[in-house]
Amino acid sequence: MSNVNHGRRAFLERGTLVLAFALLPRAVRAEFNGMGVPPVANPKLAGSLQRTSFLDAWIRMAPDGKVTVFSGKVELGTGVRTALAQVALEQLELQPGDIEFVQGDTARTPNEGFTAGSHTMADSGSALLHASAQVAALLRQGAAAQWKLAPDAVTLRAGRVVAGDGRSMHYGEALRGLDAAGLHRAASATSPLRPPARYRLIGKPLARVDIPAKVTGGAAYVQDMRLPGMLHARVVRPPRPGAKLVRADLDAVRRLPGVRHVVRDGDYLAVLADDEWRAVQAMNALAANAQWHGGTPLPQADAIHATLQRLPAQHITILDRGHVDQPAAGPSVSARYTKQYVMHGSIGPSCAVARLDGDMLTVWTHTQGVYPLRAALAELTGMPPDKVRCIHTEGAGCYGQNGADDVAADAALLARAVPGVPVRVQLMRDQENLWEPYAPAMVTTVRAALDGQGRISHWDYELWSGSHNERPGNAGKLVPAWLLAKPIAPSPSQPMPMPEGGGDRNALPLYAIPHARVVNHFLPVTPLRSSAMRSLGAHLNITTIEGTMDQLAKLAGVDPVRLRLDHLDAEPRARAVIDKAAARFGWGKSTPAPGHGHGFGFGQYKNIMAYVAIALELAVDKDNNTVRIVRVACAADCGQVVNPDGARNQLEGGIIQAASWTLHEQLRYGPDGIASMDWSTYPILRFSGVPERIDVDLLDQPGLPFLGVAEAAQGPMAAALANALADATGARRHDLPLLGRPFPA
Amino acid sequence: MTKVDVNGRVLDLHADPATPLLYVLRNELGLNGAKFGCGMGQCGACTVQLDGKPVFSCVTPLAACAGRKVRTVEGLGSAAQPGRLQAAFIAQQAAQCGYCIAGMIVRAQALLDKVPHPTDEQIRRHMEPNLCRCGTHHRILAAIRAAAGAPA
């Protein structure tokens, strides 16, 4: 981070940061675009058609009838490649195996910004649903014109347009009956959508198209790319951010077997070799002989929350209803909850491949956003954006912003050192862990009160959080840019506006409360680099809200599920998932066994997306300071379900991943730096700790909009765990992770 | 040269005998199944079998494999003709990102080769060294159970 971070720190110490932000013109703030998407061209269209309106940006038919479908959303391991194809092909009467499906390529696909925030089905799925319905109508029209029939006298069947008399033609032929524009026409505001009752692909548990290669050693990931003549590169990062390179013996490393280049640019170091293991050995040699000085000290981990509450902040009131400062008639609760920094912890360290051909740079990357990354790489390399092509190629699951963008920058920088030669760079485990942008540490405080009739009357809530979105952005959002002789500083961090929210995601209770105030203290500069990780602030906000609901229920003397239902009169879909999870679990039907606890958690993701309710039972193991999750009952409403098995897989994954975060995970660090360099210093849930049983019920909503599901369970699961632990032990823990300290005897 | 039986074929491998087996499999033999995860034997993404026992190929030097049998996920079947355990993983849709899955399959196969009908407790204990970050554990367990229960 060199100069950059010293600058950021000095800024912070002078306490002028808020002033700097206040001086930002309003227009600049308005331009901030957390999802990295282009402007809306037509607000009347569905999903991403609003921003990319031409049908042939999404679906093309070659003269020979071959069909290609395009999406700007990418496969991050959630199964969207299959689910998006199901939607796109529903009315084209094709199967996923019949088409070429191109995702996330700046030379070919629409710009849909980042694949993030459980937006894929809502944005790209809705676009493809409507685009394909309109294309299907054009195919019928084109064929009918050639046969001189009415368009409704022809149908699509198994990839052909068919007339009543049995004549048929493929889709390439059908398009010849249209004017010269073909499919290059803007989408209409209305689409001839098939009634959901007649869906043949949507709502069916189609097998994922990517799994067979993944279980048999097929080339499935950017890590598996082998281009002719490819060199392997490894980077040497400073021991900590802000450290300056004093000296390094590059020549000694150049003499090692297989080493082709050793690159130094300021504090940036890398090696390129003809073989991967030789590159690793050269990296080790370079790391051993490089001498560094200084570095930005970090705070003590146990003081981080007090630190956060003292940092310069933007104070954003996101709800102010009624008169929260006037006294309530009934009893009240107040609490402060905290969360430590958490790591994405992708199983595969980030990797990228790049090649410079003449004036054209191609980067194969598992970024969440090929277009925003392209802009940042163009700035980093000084190349025009149209001379940089980013092609999404799968990596290990990222769960938000991991090292993918950083290593793409490494590949781009190193490819320039060897024009014409492809360069593959993979981070080592410690590099991934020490330099990834963590999920931010957070603090929430809540004061809530009942009226005289046992209803919630007051809700006063505050939260403190650093940035949940440091994706590119400018080139300075990429770690390698900080290290160069001419470093590029990150553009200032900005809060993500509601209704999506960042730290304040799901900070607004869905419950009907007459007097409520919610304030987001957004911290533009915090001690550690942080960015998006599944569910963002919802993880701690829902834990806080749902913990408070349980405490209020106790004050009111009612069952906690009853209290929730009583405050959701205007939310029938919320009540339905709560009822379903409670019924599946048998909520209130039995008393937990000694040492066991029952817990409930509910949330509608961002208050605008999927509804999830979770009831669970856990057993406390005081001897080992741990818990056993006995059973989990989850009910979810994610609108029209596209692939029920895929949705279940994501919900199960969210439940297990959130159990790991909530029970066990915290980044270890101190003034000398980050200690969580591997899996022994950053333990995550293993097979022995996963819930013994998980039941998922999907409340399908045929015909309603698609709502994503990959981030919807994390908040409710965390809340249910905290509530069940409180039920089991009689003492509520407000600090995540919940485990790692002894239970009282 | 190091002579190693890889998936039933005896090969003369050129890499420096000190090279971790993982890099030899991926780069000299072009096999994708074993993955680099941590390089420290902590996550299991690189799991292969050595004489039938699951090992971390990232910390197993090639020299240690001389004259022995290495089996990778490629040795269990192909996408066109998946082996029984691979087919069970496909049937259970037991992957999310899938980066850990080849290692999971190879480790599980080592158990099934020794204990054809393991209990749930045996499966969980056997799979403990391998990490999955997506939370696919229940499907992995279901696939192993299904393969164990399937008729020969």
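Residues numbered from 1 in each chain as written. Chains lettered and ligands numbered in written order. Predicted model: local features only at pLDDT ≥ 70, side-chain atom pairs only at ≥ 80, totals over all residues.

Enquirer: Explain the overall build of chain B residue by residue, including any values.
Expert: Check the secondary structure of chain B and you find five helices and five strands. Helices and strands in chain B line up, N terminus first, as β-β-α-β-β-β-α-α-α-α. Since a compact globule built from 152 residues should have a radius of gyration of about 15 Å, the 15 Å found for chain B is in line with a globular shape. Counting only C-alpha atoms, chain B reaches 40 × 30 × 25 Å along its principal axes. Going through the 152 residues of chain B one by one, you find that 57% of them count as buried. Restricting to contacts in chain B with at least 6 residues of sequence separation, those with at least 24 account for 61%. (Helix = DSSP H or I, 4+ residues; strand = E, 2+ residues; numbered from the N terminus. Rg over C-alpha atoms; globule rule 2.2 N^0.38 Å. Buried ≥ 20, exposed ≤ 12 C-beta atoms within 10 Å, placed from the backbone. Contact = placed C-beta atoms within 7 Å.)

Enquirer: Quick one: what's the story with the overall build of chain A, residue by residue and with numbers?
Expert: Each helix and strand counted, chain A has 19 helices and 27 strands in total. Taking 745 residues into account, the globule formula puts the C-alpha radius of gyration at 27 Å, and chain A, at 27 Å, falls close to it. Projected onto its principal axes, the C-alpha coordinates of chain A cover approximately 80 × 70 × 50 Å. For chain A, long-range pairs separated by at least 24 residues make up 80% of all intrachain contacts whose partners lie at least 6 apart in sequence.

Enquirer: A description of the interface of chain B and chain A should follow, citing residues and the corresponding values.
Expert: Contacts between chain B and chain A engage 48 residues on the former and 48 residues on the latter. Among the residues making up the side of chain B that touches chain A, the classes are represented as 23 nonpolar, 19 polar and six charged. (Nonpolar A, V, L, I, M, F, W, Y, C, P; charged D, E, K, R; others polar.)

Enquirer: Please provide a residue-by-residue account of the sheet that holds strand β9 (residues 259-265) of chain A, values included.
Expert: Sheet strands pair via backbone hydrogen bonds, and the direction of the pair is either parallel or antiparallel. Residue and element names in this part refer to chain A. Across the sheet, seven strands lie side by side as β9-β10-β7-β17-β14-β15-β16; this open sheet has mixed pairing. With one partner strand each, in any of the chains shown, β9 and β16 (388-392) form the two edges of the open sheet. Here the strands of the sheet are splayed against their neighbours by 20° on average, with no regard to which way each runs. Of the strand pairs in this sheet, strand β15 (residues 360-365) and β16 are connected by five bridges, and their pairing is parallel. Bridged to T362 within β16 is R389. Against the sheet, helix α11 (residues 370-381) touches β15 and β16, its axis set at about 145° to β16. Running over the sheet, helix α12 (residues 404-415) touches β7 (231-236), β9, β10 (268-273), β14 (351-357), β15 and β17 (423-426) and is turned about 30° from β14. (Pairing = 2+ DSSP bridges. Axes fitted to C-alpha atoms, helices over the stretch in contact; angles between N-to-C directions.)

Enquirer: Which residues make up α11(A), and what values go with them?
Expert: Residues and elements named next belong to chain A. Taking 1.5 Å of rise per residue, the 12 residues of α11 would be expected to cover 16 Å, and the 16 Å separating its terminal C-alpha atoms lies within 8% of that figure. Where α11 is concerned, the buried positions are V370, Y371, P372, L373, R374, A376, L377 and L380. Those residues of α11 that are buried are in contact with β15, β16, α12 and α14 (479-483). Downstream of α11 by one or two residues, G382 has phi in the positive range, about 70°. (Expected span 1.5 Å × (residues − 1).)

Enquirer: Could you give an account of helix α19 (residues 714-729) of chain A, naming the residues involved and the relevant values?
Expert: In this model, α19(A) (16 residues) spans 23 Å end to end at C-alpha, consistent with the 22 Å of a helix rising 1.5 Å per residue. Among the 16 residues in α19(A), 14 count as buried, and that is most of the element.

Enquirer: Hey, could you go over the domain arrangement of chain B for me, with residue numbers and the actual values?
Expert: Often, the extent of an interface is quoted as the loss of accessible area upon association of its parts. Residue and element names in this part refer to chain B. Looking at chain B, the domain boundaries give domain 1 (2-75) and domain 2 (76-149). Once you take the C-alpha centre of each, domain 1 and domain 2 turn out to be 19 Å apart. Of the residues lining the interface, 16 residues belong to domain 1; the matching set on domain 2 comes to 13 residues. Of all the secondary structure elements, the ones that give two or more residues to the side of domain 1 that touches domain 2 are β3 (47-50) and β4 (53-56). (Domains from an automatic or database assignment.)

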